[in-house]
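Given next are the chains, with one letter for each unit.
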Amino acid sequence: MEPHAPLQFLNMTAHTDGFGPLNSTLHAEGVSMAALADAVGTPAYVYSAGTLRARYRTYEEAFAGLDCLIAYAVKANAGLAILKILAAEGAGADTVSEGEIRRALAAGIAPDRIIFSGMGKTDAELAFALSFPGLQINVESRPEFERLSALAAAQGVRPLVVFRVNPDVAAGGHDKISTGRSDNKFGIPVDEALDLYRQAQAAGLVQAVGLGCHIGSQIRETTPFRAAWGALREMTLKLRAEGRTVERIDLGGGLGVDYGDGDTGARPADLAVVAAEVFGDLGVKLAVEPGRSIVADAGVLLSRVIHINPRRAGPTFLVVDAGMNDLLRPTLYEAWHEIEPVAPRAGNLTAYDVVGPVCETGDTFARGRILTPMIAGDLVAFRGAGAYGASMASEYNSRLPAPEVLVDGNRWAVVRPRPNYGAVMAREQVPDWI
Ligand SMILES: *Cc1c(COP(=O)(O)O)cnc(C)c1O
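The structure displayed is predicted, hence computed values, not measured ones.

Asks: I'm lost on unusual backbone geometry in this one. Help?
Replies: The step from Thr42 to Pro43 runs through a cis peptide bond, and the omega angle for that step is -10°. Relative to the helices and strands, Pro43 resides in the loop between helix 1 (33-40) and strand 4 (44-48). Its identity is not glycine, yet Glu334 carries a phi of approximately 55°, on the positive side. With respect to the element layout, Glu334 can be found in the loop between helix 11 (329-333) and strand 16 (339-341).

Asks: Is there a simple way to explain helix 6 (residues 142-155) in this structure?
Replies: Every α-helix carries 3.6 residues per turn, so stepping three or four residues along brings you back to the same face. With 14 residues, helix 6 ought to run about 20 Å at 1.5 Å a step, and its terminal C-alpha atoms sit 20 Å apart, in line with that. Every buried residue belonging to helix 6 is among Glu144, Phe145, Leu148, Ser149, Leu151 and Ala152, and all of these are buried. On its buried face, helix 6 sits against helix 5 (123-130), strand 8 (136-139), strand 9 (160-166) and helix 7 (190-203). The opening residue of helix 6, the one whose side-chain oxygen lies 3.2 Å from the backbone nitrogen of Glu144, is Ser141. In the stretch just after helix 6, Gly156 is the one whose phi turns positive, near 70°.

Asks: What's the story with helix 2 (residues 49-62) in this structure? I'm lost.
Replies: Look at helix 2: 20 Å from first C-alpha to last across 14 residues, which is about the 20 Å you get at 1.5 Å a residue. Every buried residue of helix 2 is listed here: Ala49, Gly50, Thr51, Leu52, Arg55, Tyr56 and Tyr59.

Asks: Just to check I follow, could you spell out the site of the ligand for this structure?
Replies: Taken together, the neighbourhood of the ligand is formed by 14 residues, with Lys75, Ser217, Glu289, Arg292 and Tyr388 sitting nearest. In this structure, a nitrogen atom belonging to the ligand sits 3.3 Å away from a side-chain N or O atom of Asp94. Gly291 is positioned with one of its backbone polar atoms (N or O) 2.9 Å from an oxygen atom of the ligand. Protein contacts shield 94% of the accessible area of the ligand, which totals 390 Å² for the unbound molecule. Within the shell around the ligand, the residues separate by chemical class into three nonpolar, six polar and five charged.

Rules used in this analysis
- Along each chain, residues carry numbers from 1 onward, in the same order as the chain's sequence is written.
- Side-chain atom pairs in this predicted model are given and counted only at pLDDT of 80 or more, local residue features only at pLDDT of at least 70, and totals for whole chains, interfaces and linings cover all residues.
- Only hydrogens and water are set aside when side-chain values are computed; all heavy atoms of the structure are taken into account.
- The helix count covers DSSP runs of H or I at least four residues long, the strand count covers runs of E at least two residues long, and both are numbered beginning at the N terminus.
- Residue count minus one, scaled by 1.5 Å, sets the expected span of a helix.
- In this scheme, a residue with accessible area under 20% of its type's maximum is buried, one over 50% is exposed, and one in between is partly exposed, where area comes from a 1.4 Å probe on protein chains only.
- The criterion used for residue contact is that any of the two residues' heavy atoms lie within 4.5 Å.
- Polar contact is the term for a pair of N or O atoms within 3.5 Å; when the atoms are in protein, one must be able to donate a hydrogen and the other to accept it, and sequence-neighboring residues count only if both atoms are side-chain atoms.
- Here, proximity means that at least one heavy atom of the residue falls within 4 Å of the molecule or strand.
- A 1.4 Å probe and the Shrake-Rupley method give the accessible areas. Residues count as covered only by the protein chains that appear here.
- Residue classes follow a fixed rule: Ala, Val, Leu, Ile, Met, Phe, Trp, Tyr, Cys and Pro count as nonpolar, while Asp, Glu, Lys and Arg count as charged, and any other residue, Gly among them, counts as polar.

Shown next, in the form of structure tokens:
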């Protein structure tokens with residue numbers, strides 16, 4: 001990764017990633033964003049391979065002293081090129097659908113490094129997962145356990161099963177990304193999980209090997225992790241005291257990133273310290289499932305200003321060619337993304353309401369954002385868009401999906417081209433009786 005000078009204008013946080021100015025225009029590693037925009041058009045996702053590797057290695061180094069699988073949460077960004085880079089680094093995968101399992105396998109991740117999570121797995125998906133020995137299935141409810149047991153018996157296999165516990169811990173940056181409270185749909189309450197575990201080991205249809213949790217996302221301190229993991233520790237001790245075996249603990253993911261609220265949040269190393277404190281003496285095999293904290297900083301959404309629409313009162317509208325269909329997070333979670341002019345102009349700082357072209361008031365990226373002066377045709381980069389950006393995109397308003405570009409040093413490649421309208425419409429069929 002090329003080193004970049006700290007950013008020098010207002011509204012910018014200090015970045016430690018592969019995006020930064022060279023000769024006053026934003027680059028992704030050694031490649032000019034303006035040149036990329038000319039080559040592939042906008043909007044476009046641009047990823048930094050160097051940043052992706054660096055973020056993964058932060059986990060690898062942090063957990064090096066523990067027996068821990070780093071299972072990248074594929075839903076954060078399921079691109080095959082992203083998965084291939086992480087696979088080459090030695091990552092496993094945390095998956096939540098058959099499609100994600102297939103992607104992880106296609107990227108070369110071995111089944112015994114794949115975890116199948118998710119609270120509504122279908123019979124077909126479970127049967128698919130059962131065809132891969134060594135793949136760990138995280139069971140999230142009693143009905144799922146019963147279906148899995150029956151399917152496993154029918155297929156004549158005994159899958160590795162970890163029970164996802166709901167430890168009733170509040171955590172996460174937003175209501176819609178908190179998953180570890182008792183009123184969320186995720187996980188099994190502690191008492192019931194203990195009962196299920198006993199039942200599973202007694203019946204022997206599956207190999208009940210451990211306990212897990214995943215309490216939410218964009219968590220920036222260690223306290224909720226410590227609380228949730230403490231509950232798993234107590235459960236482990238209890239089960240072992242009854243003579244049962246507990247070999248695996250799944251720590252979940254959820255570590256937050258700096259979206260502009262300050263670079264002071266907990267880091268993988270802090271998580272590893274807590275994991276060692278809570279589980280170090282238990283001789284268990286750990287897994288951690290980071291998504292956002294590996295891939296968020298490794299991507300930006302590059303967009304061009306369509307026009308500028310001044311208002312009688314309030315900030316000027318900056319209408320950009322990216323919309324909520326490309327980057328849903330601001331609409332869905334009121335998420336804040338730093339918006340960085342690619343080639344900042346001299347002049348007075350100006351407040352803008354940054355909006356997309358989609359026919360929804362919710363298609364608003366930022367209100368009253370202070371930027372260097374912008375004119376039509378200028379480029380902006382939405383920072384921290386590598387996670388839950390492209391993976392949540394849709395074609396709403398019949399907008400073409402944004403292409404995705406991977407940069408590695410001075411090289412770049414389109415890893416997902418923008419389809420043309422013909423190709424998009426060719427996926428549909430109109431019956432001849434209408
Ligand atoms: C989404 C998810 C993760 C990853 O969460 P991040 O906040 O992206 O780190 C990990 N485990 C499970 C079960 C998930 O559903």
